[in-house]
Amino acid sequence: MKKMLIVLSMLLTASLAQAEAKIGFVDMQKAIQSTSAGKKAKTELESDFNKKKKELEKKEADLKKMGEDLEKKKSVLSEEALGKKQAEFQEEMLKYRDVVGKSQLEIQKKERELTAPILEKMKKVITKLAKDKGYTLVIENSQMVLYATPEADLTEDVIKAFEKEK
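Parameters at a glance
- Throughout this description, residue numbers start from 1 for each chain and increase along the sequence as written.
- For this predicted model, a pLDDT threshold of at least 70 governs which residues receive local features, and a threshold of 80 or more governs which side-chain atom pairs are given and counted, while totals over whole chains, interfaces and linings are taken from all residues.
- Here the side-chain values reflect all heavy atoms present in the structure, with hydrogen atoms and water set aside.
- The working definition used for a salt bridge is a side-chain nitrogen of Lys or Arg within 4 Å of a carboxyl oxygen of Asp or Glu.
- Strands here are runs of E lasting at least two residues and helices are runs of H or I lasting at least four, both read from the DSSP assignment and numbered beginning at the N terminus.
- Accessible area is worked out with a 1.4 Å probe on protein chains only. A residue is then buried under 20% of its type maximum, exposed over 50%, and partly exposed in between.
- What we call a nonpolar core is a set of buried Ala, Val, Leu, Ile, Met, Phe, Trp, Tyr and Cys residues that are connected through their side-chain atoms within 4.5 Å.
- Any two residues having at least one pair of non-hydrogen atoms within 4.5 Å are treated as being in contact.
- Multiplying 1.5 Å by the helix residue count minus one yields the expected span of that helix.
- Bend, in this description, refers to the angle at a residue between axes fitted to the seven residues ending there and the seven starting there.

Draft legend 1. Main features of the pattern of salt bridges. Inspection of the entire model under this criterion finds 13 salt bridges. Close ionic contact of Glu-113 with Lys-109 constitutes a salt bridge, the shortest N to O distance being 4.0 Å. A residue pair is termed a helical-turn pair when its members lie 3 or 4 positions apart in one helix, as Glu-113 and Lys-109 do in helix H4 (residues 79–133) at four residues. Assessed through its relative accessible area of 47%, Glu-113 is described here as partly exposed. What emerges from the salt-bridge pattern is a single network uniting Glu-44, Asp-48 and Lys-110.

Listed below in structure tokens is the structure:
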């Protein structure tokens, strides 16, 4: 992060020394989510997420029932039978946790797959827009940007240019 700031300040200093720098920024998250491709990807991700969520909720309910049954039968089962049931319950809990972890990884992977082509096209659009409008530097709006004039915000222009490029 510090390295990026140092490079950025060096670029700014060099640019200002040569001529007046024209700097813009883009809110990439907003830009991606505002495009039709981004909205489609979001809908697809939500659909996948909701399917996984339903599956996990069912497994969670089954585990809860299993745990309640174990509690009810605790006093009537022999120590050996109780130990066996508790081991089965623990094994099912581990399987559930494994499924939850894998589901999260699958959703993250799917998100990367869906957004990578959008991001690639977005970068090309930003490059073209920056060259056409004479920007020296375009940065991603992040928490590192403490102040910028509204005119420096290229997000809406990027969204419009992205939608025109088919």
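Draft legend 2. Structural context of the nonpolar core. Of all hydrophobic cores here, the largest spans 19 residues; its most connected members are Val-26, Ile-118, Met-122, Ile-126, Leu-154 and Val-158. Elements with a contribution of two residues or more to this core: helix H2 (28–34), helix H3 (36–73), H4 and helix H5 (155–164). Dropping the residues within four chain positions of it, Leu-154 is found in contact with Gly-24, Phe-25, Val-26, Leu-129, Tyr-135 and Val-138. Core analysis: the next-biggest nonpolar cluster, separate from the first, contains six residues, Leu-56, Leu-82, Phe-89 and Tyr-96 among them.

Draft legend 3. Quick look at H4. Look at H4: 78 Å from first C-alpha to last across 55 residues, which is about the 81 Å you get at 1.5 Å a residue. Maximum bend of H4: about 35°, positioned at Thr-115, with proline Pro-117 one to four residues after it. Elements that come into contact with the buried residues of H4 comprise strand E1 (23–26), H2, H3, strand E2 (137–140) and H5. Following H4 by one or two positions, Gly-134 adopts a phi angle in the positive range, close to 75°.

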